[in-house]
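Chain residues, written in single-letter form:
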Amino acid sequence: MSEVIKDAIEQEFTTNFEALEKRLNGASALPIHQVRKKAINAFQELGLPTARNEEYKYTDLKKALQKTFDFKAPSPQGKINRETIEECLIPGLDANILIFINGVFSNELSTIISPEDQLTIKDLEAATMEDKELIDNYFAQYANYEHDAFIALNTAFTEHGSFIHIPDNKLVEKPIALYFFNDAQAGKSYNQPRNLFIVGKSSQATFLEVFYTVGKHESFTNIVSEIVVNENANAEYYKIQNNRDTAFHVGTTQVWQARNSQFSAYTFTLNGAMIRNNLNIASDGEGCESHMYGLYLLHGKTHVDNHTEIDHIKPNSFSNELYKGIMEDQSHGVFNGKVYVRQAAQKTNAFQSNKNILLSDQATINSKPQLEIWADDVKCSHGCTTGQLDEEALFYLQSRGVSKERARVLLLYAFAVEVLENVKLEPLKAYLEDLISERLHKDF
Amino acid sequence: MLKITNLHASIEGNEILNGINLEVKPGEVHAIMGPNGSGKSTLASVLAGREEYEVTDGEVTYNGKDLLELAPEERAREGVFLAFQYPVEIPGVSTTNFLKTALNQVREHKGQEPLDAVSFLTMMKEKMKLVEIDQSLLSRSLNEGFSGGEKKRNEIFQMAMLEPTLSILDETDSGLDIDALRIVANGVNKLKTKDNATIVVTHYQRLLDYIVPDYVHVLYKGKIVKSGTKELALELEKKGYDWIKEEVDTTTA
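These numbers come from a predicted model, not from an experiment.

Caption draft 1: Inspection of the overall build of chain A at higher detail. For chain A, the helix and strand inventory stands at 10 helices and 20 strands. The C-alpha atoms of chain A give a radius of gyration of 21 Å, which matches the 22 Å a tight globule of 444 residues would have. Projected onto its principal axes, the C-alpha coordinates of chain A cover approximately 75 × 50 × 45 Å. Relative to its 444 residues, chain A shows a buried fraction of 61%. The contacts in chain A between residues at least 6 apart in sequence include a share of 84% that link residues at least 24 apart. Working note: accessible area of chain A is about 17,600 Å², and carbon and sulfur atoms make up 46% of it. Side chains of chain A carry 43 positive and 60 negative charges; the gap between the two charge centres is 3 Å.

Caption draft 2: Spatial organisation of the overall build of chain B. Along its length, chain B carries 10 helices and 12 strands. Taken over the C-alpha trace, chain B has a radius of gyration of 18 Å; the compact-globule value for 253 residues is 18 Å, and the two agree within 12%. With 29 positive and 40 negative side-chain charges, chain B shows a spacing of 5 Å between the two charge centroids.

Caption draft 3: Spotlight on the sheet that holds strand S12 (residues 223-228) of chain B. All names here are of chain B. Taken together, 6 strands build an open sheet; the order of strands is S6-S9-S10-S3-S11-S12 and the sheet is mixed. The sheet terminates laterally at strand S6 (80-83) and S12, the two strands that pair on one side only. On average, adjacent strands in this sheet sit at an angle of 20 degrees to one another, irrespective of strand direction. Examined bridge by bridge, S6 and strand S9 (residues 166-170) share 4 bridges and lie parallel to one another. Each bridged residue has a counterpart across the sheet, and for leucine 82 the counterpart in S9 is isoleucine 168. The sheet contacts of helix H6 (residues 148-162) involve S6 and S9, and relative to S6 the element is tilted by about 170 degrees. The sheet strands contacting helix H9 (residues 230-239) are strand S3 (29-33), strand S11 (215-220) and S12, and the helix crosses S11 at an angle near 45 degrees.

Caption draft 4: The arrangement of the environment of histidine 312 of chain A in detail. Residue and element names in this part refer to chain A. Mapped onto the elements of the fold, histidine 312 is located in strand S15 (residues 303-312). Along the primary structure histidine 312 and alanine 345 are separated by 33 residues, whereas in three dimensions their C-alpha atoms are 6.1 Å apart. When neighbours within four sequence positions are excluded, histidine 312 is seen to be in contact with Ser283, Ser317, Phe318, Ser319, Val339, Tyr340, Val341, Arg342, Ala345, Thr348 and Ala350.

Caption draft 5: The UniProt feature "domain: SUF system FeS cluster assembly SufBD N-terminal" (unreviewed entry) in chain A, seen in detail. Mapped onto the present numbering, the UniProt feature "domain: SUF system FeS cluster assembly SufBD N-terminal" (unreviewed entry) falls at residues 9-177 of chain A. Within the segment residues 9-177 of chain A, helix and strand shares are 41% and 15% respectively, and the terminal C-alpha atoms sit 33 Å apart.

Caption draft 6: Up close: the state of the cysteines. Residue and element names in this part refer to chain A. Following the criterion strictly, the structure yields 0 disulfides over all chains and no others. Cysteine 384 takes part in no disulfide bond, and the closest cysteine sulfur to it belongs to cysteine 380, at a distance of 17 Å. Judged by its relative accessible area of 36%, cysteine 384 falls in the partly exposed class.

Caption draft 7: Quick look at the UniProt feature "domain: SUF system FeS cluster assembly SufBD core" (unreviewed entry) in chain A. Under the feature "domain: SUF system FeS cluster assembly SufBD core" (unreviewed entry), the UniProt entry names residues 187-415 of chain A. In residues 187-415 of chain A, helix accounts for 9% and strand for 61%; the two terminal C-alpha atoms are 39 Å from one another.

Caption draft 8: Structural detail: the packing of helix H9 (residues 404-420) of chain A against helix H10 (residues 426-439) of chain A. Residue and element names in this part refer to chain A. Running from N to C, H9 and H10 point in directions that differ by 160 degrees, and their axes come no closer than 11 Å. One way to sum up the angle between H9 and H10 is to call them roughly antiparallel. Crossing handedness for the pair H9 and H10: right-handed. Residues Tyr413, Ala416 and Leu420 of H9 lie in contact with H10, whose contacting residues are Lys429, Leu432, Glu433, Ile436 and Ser437. Partitioned by chemical class, the residues of the contact of H9 with H10 number 5 nonpolar, 1 polar and 2 charged.

Caption draft 9: Structural view of the pairing of S9 of chain B. Residues and elements named next belong to chain B. Counting buried positions along S9 gives 5 out of 5 residues, so the element sits mostly inside the fold. By the alternation rule, side chains of S9 split into Leu166, Ile168 and Asp170 and Ser167 and Leu169, which are all buried. Pairing of S9 with strand S10 (residues 197-201), which is carried by 5 bridges, proceeds in the parallel orientation. What sits directly across from leucine 169, in S10, is valine 200.

Caption draft 10: Looking closely at the interface of chain A and chain B. With 16 residues of chain A in contact, the opposing surface of chain B contributes 29 residues. Among the residues chain A hides against chain B, the three largest losses belong to Phe395, Tyr396 and Arg400 of chain A. Together they make up 39% of the total. Across the contact surface, chain A and chain B share 2 salt bridges. Where chain A meets chain B, there are 10 residue pairs in polar contact (both at pLDDT 80 or more). Broken down by secondary-structure element, the contributors of at least two residues to the side of chain A that touches chain B are helix H8 (391-398) and H9 of chain A. Residue contributions to the side of chain A that touches chain B peak at 6 residues, all from H8 of chain A.

Caption draft 11: Quick peek at the confidence of the model for chain B. Looking at chain B, the pLDDT average stands at 93 and 100% of residues meet or exceed 70. Put simply, helix H10 (residues 242-252) of chain B is where chain B has its lowest mean pLDDT, 84, and helix H2 (residues 72-77) of chain B is where it has its highest, 97.

Caption draft 12: Expanded view of the side chain of threonine 96 of chain B. All names here are of chain B. Turning to its location among the elements, threonine 96 is positioned in helix H3 (residues 95-109). The class of threonine 96 is buried, set by a relative accessible area of 19%. Looking at threonine 96, its side chain comes within polar contact range of the main-chain oxygen of leucine 138, at 2.9 Å. Among residues more than four places away in sequence, those in contact with threonine 96 are Phe120, Met124, Leu138 and Ser139.

Caption draft 13: Molecular detail of the pattern of salt bridges. Residues and elements named next belong to chain A. What the rule picks out here adds up to 32 salt bridges over all chains. In this structure, aspartate 70 engages lysine 72 in a salt bridge whose closest nitrogen and oxygen atoms are separated by 3.6 Å. Since its relative accessible area comes to 48%, lysine 72 is described here as partly exposed. A salt bridge links lysine 347 to aspartate 377, with the shortest nitrogen-to-oxygen separation between them at 2.8 Å. Of this pair, lysine 347 sits in the loop between strand S17 (332-341) and strand S18 (349-358) while aspartate 377 is found in the loop between strand S19 (364-373) and strand S20 (379-387), placing the two residues 30 residues apart along the sequence. Residue lysine 347 is classed as partly exposed on the basis of its relative accessible area, which comes to 49%. Assessed through its relative accessible area of 35%, aspartate 377 is described here as partly exposed.

Thresholds, definitions, all that
- Residues numbered from 1 in each chain as written.
- Chains lettered and ligands numbered in written order.
- Predicted model: local features only at pLDDT ≥ 70, side-chain atom pairs only at ≥ 80, totals over all residues.
- Heavy atoms only, no water.
- Helix = DSSP H or I, 4+ residues; strand = E, 2+ residues; numbered from the N terminus.
- Rg over C-alpha atoms; globule rule 2.2 N^0.38 Å.
- Buried < 20%, exposed > 50% of the residue type's maximum accessible area, 1.4 Å probe, protein only.
- Contact = heavy atoms within 4.5 Å.
- Areas by Shrake-Rupley, 256 points an atom, 1.4 Å probe, with all protein chains shown as cover.
- Lys, Arg positive; Asp, Glu negative; His and termini not counted.
- Charge placed at Lys NZ, Arg CZ, Asp CG, Glu CD.
- Pairing = 2+ DSSP bridges.
- Axes fitted to C-alpha atoms, helices over the stretch in contact; angles between N-to-C directions.
- UniProt positions renumbered as here; feature names shortened; annotations may be inferred.
- Disulfide = S-S within 2.5 Å.
- Parallel < 35°, antiparallel > 145°, perpendicular 65-115°, else oblique.
- Left-handed = near helix turned anticlockwise from the far one by under 90°.
- Nonpolar A, V, L, I, M, F, W, Y, C, P; charged D, E, K, R; others polar.
- Buried area = accessible area lost by both parts, 1.4 Å probe.
- Salt bridge = Lys/Arg side-chain N within 4 Å of Asp/Glu carboxyl O.
- Polar contact = N/O pair within 3.5 Å; in protein donor to acceptor, adjacent residues only side chain to side chain.
- pLDDT = per-residue confidence, 0-100.

Dropping the structure here:
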């Protein structure tokens, strides 16, 4: 095994894994530990991706991580006081609130308001001992650790995170909001939380993942969320990233949809150091409906890479994707959207659109739609535009007496609204509207 | 009100306007006619401040001010209005929202208090009747998916809201059926006062049956080559533009 270890950073993780095994002690007898071992082996085979890897061509995470972090030892446990946390919560959102500090679920800081018969929420570590059957059936069944080094890494180091199980026929009215805090007050911090959300047959639930860093040091999160949307179920998933300039993030959201299920993902990215979001959906039943919305508003030196993948496996399903970005300063956006329609997936309707506005000469966008269609009776379309603000529209507004600056803001806001208006949670929508307005200086 | 003297303008090095002279007084309606490519729309664009055009010579004074010195929004705030030949579609911005911004910026410029939501709505309802436009259309994205007639009616509606001193209608009639034309013309006529003026840029005489001009000017090769009253428009309708072209081309040859 050791001969395939490529570089120091992979070696650091290997050393770290040995420490984890010692720490696990008796828990290493659980079946989940066999998965960890397979995952660390896969990680060692894969190595962290560099820019030479096609999937990470524009986002050289290995270089960035190697330069910034030391992974020899586990990151220390963090401590963030309640007041700081409360300041970060989305105002007015009546939700189940789950707080994670450096990837570890905090019972004390969390508040579950939905009745117990509607759902089970617990730290993933507890679930590995108490919900063995569900863990065996679902854990690491979807996020493929043999193909992606970050998924492999996260799987190998799986300890904490969340396990959320919604039984069949339950309408979970209150959203489930997961707030991930990195404590970088005393030093750099890194962690790898792992989530498993299971939405039972004909049930409905809404999930949010929100990311923050407290403190001036660098932080790194490598998160994996597996979402199982069973037959006729409906799941909504929001990811909100308005993190510090020092926050590095890799996140994989792996979704599996059974027949007649509906799933919508909304990814809003406003700030961070280097961010990679993978959203992978397997549309694995007839009559599935999938929506992917993304908005990235970047400034400074923020680098955001959104990779999405929808795999149409069965016939008569629908997917729609809309990702939009506004890049200012020296920011860098990357969009890669894969749409697979397999031979059996006849009568698939799949639509994709990615639109970008560059506001400075030094801002960059790399956009790549990727459609692979093996079925012959399908309706698929994709479009991708990149440009500056529409001069003709600016002139039109100015010719009515609107100042150029204000016209510019009106147009940018309108561009963003096309994504924002799909948000179903009103308090979240208001919160995002405020953030976006502030970013675009809509306050005039 | 408006005095254009020896105006020359070009785009990407091509001279389009070649010495325009025109004076417009309060209460007057001027029609600018001419064959395609004569510079009619360029004149309208230069007056509204479109940046692509470079003014190479001449001057334009408007109510004592040097109009060419003003940014497009400043011209609008001073009471210049351009009804676009091709109104721009702007997804995500509703007519209502943007007009409120525009109107209040114009009012601020005039030293007036901004309109509150209720007065704005009352004003809107009143002006909507003028061009028979529906409120649901105004709450939709600006011009997006509007028919040709709806777009032009929306232009006149905006004109009614902004109450300009000098309105320039750039081929507002082209592509309209007769019913839409009547509605648009009717709106323009109702907005006419003794203090404001209108420049109607058109290719066809038909519009002038509904908006009766005091003066008709024929533009050809970037110059006003003939001016007259509404009878000139009728003559043009009957005889076409060729006789004017010939007249001009022989004298210059």
